[in-house]
Amino acid sequence: MKPAPFPGTPLLTGTDPEQKRQQILDYFHATFDRYELLFETLTCDEAYYVKPISLRHPLIFYFGHTATFFINKLALAGLVERINPGYESMFAIGVDEMSWDDLNDTRYDWPSVAAVRDYRQAARAAVDQLIRTQPLTLPIGWEDPFWIVLMGIEHERIHLETSSVLIRQHHLKYVRPHPAWAPCRDSGAAPKNALIDIPAAEFCLGRERSAPQIYGWDNEFGTHEALTAAFKASQYLVSNREFLAFVEAGGYADDALWQEEGAAWKQFTHAEHPTFWVKDGSEWRLRLMLEEVAMPWDWPVETNYHEAKAFCNWKARTSGQPVRLPSEDEWQALRRFAGIADLPGALPPANLGLVDDASSCPVTRYAHGPLFDVVGNVWQWLETPIYPFAGFEVHPIYDDFTTPTFDERHNLMKGGSWISCGNEAAPVSRYAFRRHFFQHAGFRYVVADAPASQPASHYETDRLISEYIEFHYGDEYFGVPNFPRALAQLAIAARGDKPARTALDLGCATGRATFELARHFEHVTGIDFSARFIGIGTQLAEQGSLRYTLVEEGELVSHKEFVLTDLGLTETAPKVEFFQGDACNLKPIFTGYDLVLAANLIDRLYDPALFLASIHQRLNPGGLLVIASPYTWLEEHTKREAWIGGFKKDGENFTTLDGLKALLAPHFHLLREPQAVPFVIRETKRKFQHTLSEVTLWERR
């Protein structure tokens, strides 16, 4: 039986809060139910644990991931309590960390399907209760608790789609047809493609954070002034039939048609045709999500970016015209030309949001002006790597949604597919994937004299990031030595001639101490809660240099660059690695260290006592724990009841050092008296923070 119509993303405005509360509750349950309905297509428990592709986790991860996302984000916001910290660590991250030439073979002790299903029910009950009881005012804004609820729902809708792709890549023995996921059965002769003139256009992209009409991800907000020259666009998405000519012309064997990255991917995978095409003797079949069918030649071909780009290069060669994929600005220009609105509630009929069947359909079904499938059917690959609009800011509860993709390796896709729901269905949305990944994605091509513009996606203009880069790698001010370097030297000296195999820099920020510790230790791991900080350390380890801007005054900035060679750290780069993580809920794999450095960390934790009570588990016997902190207790970081010092106890002063001694005594002894180490953080050319951090050294018993 086909499910009821799937509700779209709700408006954040209105006059009746209780009606909006019920709408959000219905939206939550419909999404949670539909996601679980997707996993009913699996034939057995084994299907949850066998990876559909080597680049991603098995499906058990994704089954648990969306539920733990709700709890992790809502707990971070102080709205719910944790349910199962082990699951909330195991299932937290690991969605887009693997590239085809850098496989992650980390082993996980996955729980049973039944256990994860039970967890999902507990998470559902917690979120349901929150939606029913949390005060609600309209409109819902960026800082509203209900924004985080909607964040979880929209996140699950993203994974409804990405998990359907993994199921499509699974062995057929692990999947079965399901009435809720029946595909289109309509196909016929493919149309001959034509070129449609798109006039020059000038417009502004981006959304206002102060007045969001629907939920939006961080990369959608800000402003971008677009100016496009006239160009021509293919009337239809490229069909399977149109792409067949490229395959039969030997396009996959002709390296001259492929970019360097695409040719390397093709060699790695031995690709000879689109991944969902199946050769059956002299005939072609198409793998759908749950079955194979005779090739529907008038459906859109589905490829990754590399295949789409190679086809365009072949088309350019054979036609003599400058054929390529559209840029983001050009896609937005043709959308406006077709008269398609910004928001999903005002979209024309399209194969979008599960309104039709659970598959693509003929490219001739949905006309949008003189074009077809401007939105819907399959995503459309663009030439543009994702980049931040002017005024970009991360949301504090999900600071790594987009920033890890600002690496010029993730290209934008537009238009949505048959299963794109919620925020995904909005033309204002901006989703990007690694160029070798498969989504329900195809493409249309354009003919344009000008090359596609490539806006810079570097993220080092962010003020906070730049201040920490300067703090770690920049100039010394007022004669105060570099703080991360000073801590590393102090730790190395205290370690003496004892084993120096592995060290953990916990709360590593942009990673200077991680590199400095690697002068002495064989391998050093840097972990920070912020993906933005981790990205800087990773970039330095891989590229050895970094450019960034510093605020001088007002809107005036200066530009700086440094290289690891100048700091004498080039040889340490191969010995370091960086991970995102929660110091209070680290994954079990982070253990067995000879030294742990926790610099300016404990007074920024939501549960410092939990951290201190468990950190011995990460250290080898005789290992050294180095804690540095100015003890700046603030309720914005740590609830008052979770402070470990800095208050009166039994009428007397109880310092943080007193708290450290009490909490660490069962497993550590203090090596020496505390030592004050100064540091200076530059904010502007004329404003600096000067602080003393108290350093204590603890040896594990």
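Every value quoted in this text rests on a predicted model; they were computed, and no experiment measured them.

## Considering the nonpolar core
What tends to happen in soluble globular proteins is that the nonpolar side chains get buried as a cluster. In this structure, Phe-39, Leu-160, Trp-181, Phe-243, Phe-246, Trp-277 and Phe-443 are the most contacted members of the largest nonpolar core, which totals 112 residues. Counting residues in hydrophobic clusters, the runner-up holds 44 residues, among them Ile-465, Phe-471, Leu-487 and Phe-562.

## Quick word on helix H12 (residues 483–495)
Taking 1.5 Å per residue as the helical rise, H12 with its 13 residues ought to reach 18 Å, and the 18 Å between its terminal C-alpha atoms agrees with that figure. Within the span of H12, buried status applies to Phe-483, Pro-484, Leu-487, Ala-488, Leu-490, Ala-491, Ile-492 and Arg-495. Contact partners of the buried residues in H12: helix H11 (463–473), helix H13 (512–517), strand S21 (593–599), strand S22 (619–629), strand S26 (675–684) and strand S27 (687–700). Just downstream of H12 lies Gly-496, where phi reads positive at about 60 degrees.

## Overview of the sheet that holds strand S14 (residues 441–442)
With respect to topology, four strands assemble into an open sheet ordered S13-S12-S11-S14, the strand pairing being mixed. If you trace the sheet from one side to the other, it starts and ends with strand S13 (431–434) and S14, each paired once.

## Details of the pattern of salt bridges
Per the counting criterion, the structure on display carries 34 salt bridges. Residues Lys-232 and Asp-197 are paired through a salt bridge, measuring 2.4 Å at the closest nitrogen-oxygen approach. In this pair, Lys-232 is assigned in strand S4 (residues 231–234) and Asp-197 in strand S1 (residues 195–198), connecting sequence segments 35 residues apart. Within the structure, one salt-bridge network assembled from shared partners comprises Asp-33, Glu-36, Arg-120, Arg-124 and Glu-156.

## Topic: the sheet that holds S4
Strand order in the open sheet made by the four strands is S1-S4-S15-S8, with antiparallel pairing throughout. In this open sheet, the two edge strands, each paired with only one partner strand, are S1 and strand S8 (323–324). Looking at chain direction, S4 and strand S15 (residues 446–447) are connected through two bridges and run antiparallel. Within the sheet, the bridge partner assigned to Ala-233 lies in S15 and is Val-446. Seen against the sheet, helix H10 (residues 328–337) touches S1, S4, S8 and S15 and runs at an angle of roughly 90 degrees to S1.

## Comments concerning the packing of helix H7 (residues 240–248) against helix H9 (residues 305–319)
Following both chains from N to C, one finds H7 and H9 inclined at 75 degrees, their axes separated by 10 Å at the closest point. As summarised for this structure, H7 and H9 are arranged roughly perpendicular, according to the angle between their axes. Where H7 abuts H9, its residues Glu-242, Phe-243, Ala-245 and Phe-246 lie against Glu-307, Ala-310, Phe-311, Trp-314 and Lys-315.

## Description of the pairing of S27
The pairing of S22 with S27 spans six bridges and is antiparallel. Pairing of Ala-628 across the sheet is with Val-695, part of S27. Pairing of strand S25 (residues 668–670) with S27 involves three bridges; the strand directions are antiparallel. Along S27, the bridge assignment pairs Leu-670 with Trp-698. With nine bridges joining them, S26 and S27 adopt antiparallel strand pairing. Within S27, the residue paired with Val-677 across the bridge is Ser-693. In sequence, S26 turns back onto S27 through a hairpin of two residues.

Quick notes on the rules
Residues numbered from 1 in each chain as written. Predicted model: local features only at pLDDT ≥ 70, side-chain atom pairs only at ≥ 80, totals over all residues. Heavy atoms only, no water. Core = buried A, V, L, I, M, F, W, Y, C linked by side-chain atoms within 4.5 Å. Buried < 20%, exposed > 50% of the residue type's maximum accessible area, 1.4 Å probe, protein only. Helix = DSSP H or I, 4+ residues; strand = E, 2+ residues; numbered from the N terminus. Expected span 1.5 Å × (residues − 1). Contact = heavy atoms within 4.5 Å. Pairing = 2+ DSSP bridges. Salt bridge = Lys/Arg side-chain N within 4 Å of Asp/Glu carboxyl O. Axes fitted to C-alpha atoms, helices over the stretch in contact; angles between N-to-C directions. Parallel < 35°, antiparallel > 145°, perpendicular 65-115°, else oblique.

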